[in-house]
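Observations on chain architecture
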Amino acid sequence: MSGQLSADIVVIGSGIIGALAARRLAQQGASVLILEAGPRLERARVVAAFRNSPIKGNWMAPYPPSPWAPHPIYVPEDNGYLKQAGPYPYQAEYIRAVGGTTWHWAAQAWRLVPNDVRIKSLYGVGVDWPLTYEELDPWYQEAEEILGVAGADDTGSPRQHPFPMEPVAEPWSMRRFRERLAPAYPVVANTVARNSRGYDGRPACVGNNSCQPICPVNAQYLGINAVEAAEAAGAKVVPNAVVFRIEHDAKGRIAAVRYYAPDKSEHRVTGATFILAANGIESPKLLLLSASDKYPNGLANSSGMVGRHLMDHPSTSLTFYVDEELWLGRGPQSPSSINTLRDGAFRSQHAPYRLDFTNISQVLNVTGDLIKEGVYGVEFEKQLRWRAARQVNVKNVLEVLPNPDNRITLSAEKDVMGIPKPEAHYAIDDYTRRGADVSKADFARIAELMGGTGLRYSADGQFANNQHITGTMSMGNDPASSVVDAFGRTHDHENLFICSTGVMPTAATMNSTLTGVALALRTAEHILPAKASRTTTADSGREASLA
């Protein structure tokens, strides 16, 4: 075994959530070491890879997996890393690299609505969270001020203080949706970690329309920004460090982690406190890999809940032609949505949903359709201009309830490092499917109000995945039915914490990243309270903008 590293706090995973927890702890004077399985990326190389890629719709193309830290790839073919046990395929996409998956996120930074944390009490479905929305509010605010979140007042999520920034400029297409769908459907600007003005040393959005897979100008907050902020605060990052085992002592305290370098040399890292901050697939995989005589079912797993309650946000959609030229493709790719269907008494019967409009240029998609239809020459140009100017898409973002049978386990198949691959067991239940069925009436009404023709619904029973990996290490007050407590501390190991969207007990209808960051900031404060009393929200926001 090669040389040994040590730190007060060892963070496993360098995504936006782990990096911002590390930043907060380093700012409090702790020595912090971040271990990342994947390599360090350069923005310029990622941008060049995207520009040179012939398949612009493949957002994973600029992020090829490294041999020692593979991640799932499905296009042009499945690389077989995330094994599928069914009955429904769960084709999650994520990036194992310094900065994590928010290299290619849409930057939607929504809060939950208050009732999302009480759906068992209110609607008799799912579970209640072990904390209230009011307890989350200040941490949401701090997260928004660090990320630089732009948002509108009418989001449906209450707040005590304003957004750091006003919404990003509204594209013409979204303005027309807003005007023509009112008052039947209020269309609002999406809440995003994207600058509408200069903020934190980064420029305002200039409308490149390539938020996924990469913002070329750094207007969108990424996990790499969080890593750089953590490093500026004193944290150290070790890339290409594939953690394959967490060690514990006789009392069950975590003593060290072991990782492989790309040459498979083995290294050991000791610390006083450990934070598992990989995603909801890689984190339970590591806990299960770390089984021992004392913990034969894996670490933090006395409840048997590690890996269980896997959730995401499936979507169905409608594509159609509007009766005027909108020319999607200028501005952010996902700028506006309808949020009035996220909550209500109907949640006792079917899934709530958000309705999201795409603003992705339709030229490439229309071109592919016309070629498949055998249209060429002058007619091709005519049809391309007509369709690309008018083709639009609206999708639902559906809630999935926690189900212990939806889970991540270890596959019998191993990667090139000899580490078992993760295996997904996943199904979409009737609750979610009923929500999808109900949403078809909204799709039809939206198309009617927009003068829609050529309506094309996604195939019945087929769902797109939104890559919002949630659950698998759920928080709760009862150690018999949860993995961590309300502060992210594992019930079984007093010095092991989890910072990940994987600790969320339910998925609601909103992108999970902001909630994951807010929970991680709360966890970091619990691990190492501020030496002085906390500054006011306004002061902390000013500090964040200067950091």
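Residues numbered from 1 in each chain as written. Predicted model: local features only at pLDDT ≥ 70, side-chain atom pairs only at ≥ 80, totals over all residues. Heavy atoms only, no water.

Helix and strand counts for the protein chain come out as twelve helices and 18 strands. Here the C-alpha atoms of the protein chain give a radius of gyration of 23 Å, agreeing with the 24 Å that 2.2 N^0.38 yields for 547 residues. With respect to the principal axes defined by its C-alpha atoms, the protein chain has extents near 75 × 50 × 45 Å. The burial tally for the protein chain puts 60% of its 547 residues in the buried class. Across the protein chain, every contact between residues at least 6 apart in sequence was considered, and the portion connecting residues at least 24 apart equals 73%. In the form shown here, the protein chain has an accessible surface area of approximately 20500 Å², with 52% of it arising from carbon and sulfur atoms. Here the protein chain contributes 53 positively and 56 negatively charged side chains, and the mean placements of these two sets differ by 2 Å. (Helix = DSSP H or I, 4+ residues; strand = E, 2+ residues; numbered from the N terminus. Rg over C-alpha atoms; globule rule 2.2 N^0.38 Å. Buried < 20%, exposed > 50% of the residue type's maximum accessible area, 1.4 Å probe, protein only. Contact = heavy atoms within 4.5 Å. Areas by Shrake-Rupley, 256 points an atom, 1.4 Å probe, with all protein chains shown as cover. Lys, Arg positive; Asp, Glu negative; His and termini not counted. Charge placed at Lys NZ, Arg CZ, Asp CG, Glu CD.)

For the protein chain, the average pLDDT comes to 95, and 96% of its residues sit at 70 or higher. Taken as a whole, residues 532–547 scores under 50 in pLDDT and shows 21 contacts with residues more than four places along the chain or in a different chain. (pLDDT = per-residue confidence, 0-100.)

The next thing to look at is the nonpolar core. With 93 residues, the main nonpolar core has Val32, Leu35, Leu147 and Leu287 as its most contacted residues. Here leucine 287 is in contact with Ile246, Leu276, Gly298, Leu299, Ala300, Val306, Met473, Leu496 and Ile498, once residues within four sequence places are set aside. Of all hydrophobic cores here, the second largest spans 47 residues; its members include Ala92, Ile119, Tyr185 and Leu328. (Core = buried A, V, L, I, M, F, W, Y, C linked by side-chain atoms within 4.5 Å.)

Our next topic: the environment of isoleucine 360. By the element assignment, isoleucine 360 lies in the loop between strand S12 (353–357) and helix H8 (363–373). When its relative accessible area of 26% is taken as the criterion, isoleucine 360 is described as partly exposed. Residues isoleucine 360 and asparagine 466, 106 residues apart in the sequence, show an inter-C-alpha distance of 16 Å. Here isoleucine 360 is in contact with Trp59, Asn209, Leu328, Gly329 and Gln333, once residues within four sequence places are set aside.

So, on to the side chain of threonine 319. Relative to the assigned elements, threonine 319 resides in strand S10 (residues 317–321). A polar contact is formed between the side chain of threonine 319 and the side chain of asparagine 393, at a distance of 2.9 Å. When sequence neighbours within four positions are dropped, the list of residues in contact with threonine 319 reads Gln391, Val392, Asn393, Gly454, Leu455 and Arg456. (Polar contact = N/O pair within 3.5 Å; in protein donor to acceptor, adjacent residues only side chain to side chain.)

In this section: the packing of helix H1 (residues 16–27) against helix H6 (residues 223–232). The N-to-C vectors of H1 and H6 enclose an angle of 20°; their axes lie 8 Å apart at closest approach. Judged by the inter-axis angle, H1 sits roughly parallel to H6. In this structure, the crossing between H1 and H6 has a hand that is left-handed. Only Gly223, Ala226, Val227, Ala229 and Ala230 of H6 make contact with H1, whose side of the interface consists of Ile16, Ala19, Leu20, Ala22 and Arg23. Within the contact of H1 with H6, the residues separate by chemical class into eight nonpolar, one polar and one charged. (Axes fitted to C-alpha atoms, helices over the stretch in contact; angles between N-to-C directions. Parallel < 35°, antiparallel > 145°, perpendicular 65-115°, else oblique. Left-handed = near helix turned anticlockwise from the far one by under 90°. Nonpolar A, V, L, I, M, F, W, Y, C, P; charged D, E, K, R; others polar.)

The next thing to look at is H8. Taken together, the buried positions of H8 are occupied by Val366, Thr367 and Leu370. Buried residues along H8 cover an arc of 105° about the axis, so they all sit on one side. In H8, the exposed positions angled more than 90 degrees off the buried face are occupied by Leu364 and Lys372. Elements that come into contact with the buried residues of H8 comprise helix H9 (377–390) and strand S13 (391–398). Residue glycine 374 follows H8 closely and has a positive phi angle near 80°. (Arc of directions from axis to C-beta.)

Strand order in the open sheet formed by six strands is S4-S11-S12-S13-S10-S16, and the pairing between neighbours is antiparallel. Two strands bound the open sheet, and with one partner strand each, they are strand S4 (187–189) and strand S16 (453–457). Averaged over all pairs of adjacent strands, the angle between strand axes in this sheet comes to 25°, irrespective of strand direction. Relative to S16, S10 is paired through three bridges, and the arrangement is antiparallel. Considered in S16, the bridge of leucine 318 is made with tyrosine 457. (Pairing = 2+ DSSP bridges.)

This next bit is on the pattern of salt bridges. Within the structure shown, the criterion is met by 31 salt bridges. Among the ionic pairs, arginine 522 bridges to glutamate 135, the shortest N-O distance being 3.7 Å. With arginine 522 in helix H11 (residues 513–527) and glutamate 135 in helix H4 (residues 133–147), this pair connects stretches of sequence that are 387 residues apart. Classification of arginine 522 by relative accessible area gives buried; the value is 7%. The partner of arginine 253 in a salt bridge is glutamate 494, with the nearest N and O atoms 2.6 Å apart. Placement of the pair is arginine 253 in the loop between strand S6 (242–248) and strand S7 (254–260) and glutamate 494 in the loop between strand S17 (464–465) and strand S18 (496–498), with a sequence separation of 241 residues. Judged by its relative accessible area of 29%, arginine 253 is partly exposed. Taking relative accessible area as the criterion, glutamate 494 reaches 46% and is therefore assigned partly exposed. Each of Arg175, Arg176, Glu179, Arg180, Asp323 and Glu324 takes part in salt bridges that share partners, so that together they form one network. (Salt bridge = Lys/Arg side-chain N within 4 Å of Asp/Glu carboxyl O.)

This part is about the pairing of S7. Buried residues dominate S7, accounting for six of its seven residues. Of the pairings in the sheet, the one linking S6 to S7 comprises six bridges and is antiparallel in character. Bridging from a neighbouring strand, arginine 245 pairs with arginine 258 of S7. Between the end of S6 and the start of S7, which pair antiparallel, lie five residues, with glycine 252 showing a positive phi angle near 95°. Sheet topology places S7 next to strand S8 (residues 266–276); five bridges connect them, and they run antiparallel. Note that in S8 the partner of alanine 256 across the bridge is threonine 270. The antiparallel hairpin formed by S7 and S8 contains five residues in its connecting segment, where lysine 264 sits at a positive phi of about 70°.

Next up on the list: the packing of aromatic side chains. This model, assessed by the stated rule, comprises eight aromatic pairs. Geometrically, the ring pair formed by tyrosine 90 and tyrosine 426 is tilted, given 4.6 Å between the ring centres and 45° between the ring planes. A residue pair is termed long-range when its members are at least 10 positions apart, and tyrosine 90 in the loop between strand S3 (83–87) and helix H3 (119–123) and tyrosine 426 in strand S15 (residues 420–426) qualify at 336 residues. Against the face of phenylalanine 163 rests arginine 159, its NZ or CZ located 3.7 Å from the ring centre. (Phe/Tyr/Trp six-rings, centres within 6.5 Å; stacked < 30°, edge-to-face > 60°. Lys NZ or Arg CZ within 6 Å of the ring centre and 35° of its normal.)

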